[in-house]
Each structure stands twice: as C-alpha cells, then as structure tokens.
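# Structural characterization, general
Letter by letter, the chains look like this.
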Amino acid sequence: SYYLDEDGSVWLKCEGLMDDAPIFEQLAVVRETGLFSAWAPFCNKSKLLAYLGRCEVVTWFNVHTPFINRDCIIRAYACDCIWEDGCVMMLGSSVGDG
C-alpha cells in the first residue's frame, strides 16, 4: 500500500508472512535489495549501494506507477526477534540528506 503525504513524501508499505521459511532465506531479502526490481511491486530499477553490516544495506530503487515515478534511497536492516516475538523483522527507512 502507499500514502501520498502533504509535503510530497510517498510512504510505501510492503508486508507479508513467510510460513516455514528458513532464517537464511528471510535474511537474504535484506541482503538482496538490489533485486527489488525483479519482485517488488512497481519497482522497475534497483541497485545495491553499500553493505553497512551483515544484515544492513543501503539501496537505491525507482518506483514507477501510473501516478508517480520516484527515486528512493533506503537503509534496510533485519532484527532477530525470535526470542521476544518468534519472528524476524525486516525494516527500512529513508536515508537523510545529511
């Protein structure tokens, strides 16, 4: 889903459950963000810019829909929450100007 903010920002949300998916396949989603264009909805270009850690990357991608065409740079990372919540969270946030 997506939301167009008053300041021109676009908020995107992609969420889903992966039942019986081994941990390494889940973490590969974060490590392979350069492949977003192969499977993420409305993403027509993507490129891995930097590895910041084993489960932390910076990626550029382009989102193209009939309504918008935007370049995005995100920092994506994974959090091991197996003991707390029985899950692995994969999060991303915009990279600031500074």
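Here goes a summary of the coordinates provided. (Residues numbered from 1 in each chain as written. Predicted model: local features only at pLDDT ≥ 70, side-chain atom pairs only at ≥ 80, totals over all residues. Heavy atoms only, no water.)

## Things to note about the overall build of the chain
- Scanning the chain from terminus to terminus reveals 3 helices and 6 strands.
- Along its sequence from the N terminus, the chain presents helices and strands in the succession β-β-α-α-β-β-β-α-β.
- Overall, the C-alpha framework of the chain stretches about 40 × 25 × 25 Å when taken along its three principal axes.
- For the chain, the residues scored as buried account for 21% of the 98 residues in total.
- Here the analysis covers contacts within the chain between residues at least 6 apart in sequence; of these, 22% occur between residues at least 24 apart.
- When the accessible surface of the chain is split by element, carbon and sulfur atoms take 56% of a total near 7,500 Å².
- For the chain, the distance from the average position of its 7 positive side-chain charges to the average position of its 14 negative side-chain charges is 10 Å. (Helix = DSSP H or I, 4+ residues; strand = E, 2+ residues; numbered from the N terminus. Buried < 20%, exposed > 50% of the residue type's maximum accessible area, 1.4 Å probe, protein only. Contact = heavy atoms within 4.5 Å. Areas by Shrake-Rupley, 256 points an atom, 1.4 Å probe, with all protein chains shown as cover. Lys, Arg positive; Asp, Glu negative; His and termini not counted. Charge placed at Lys NZ, Arg CZ, Asp CG, Glu CD.)

## So, unusual backbone geometry
- Notably, Phe-42 is not glycine yet its phi reads approximately 70°, a positive angle.
- Mapped onto the secondary structure, Phe-42 falls in the loop between helix H2 (36-39) and strand E3 (43-53).

## Thoughts on the side chain of Thr-33
- You can see Thr-33 is positioned in the loop between helix H1 (23-31) and H2.
- Residue classification places Thr-33 among the buried positions, given a relative accessible area of 1%.
- One polar contact links Thr-33 to Thr-59, side chain to side chain, over a distance of 2.2 Å.
- Leave out the neighbours within four places in its chain, and Thr-33 touches Ser-46, Leu-48, Val-57, Thr-59 and Ala-76. (Polar contact = N/O pair within 3.5 Å; in protein donor to acceptor, adjacent residues only side chain to side chain.)

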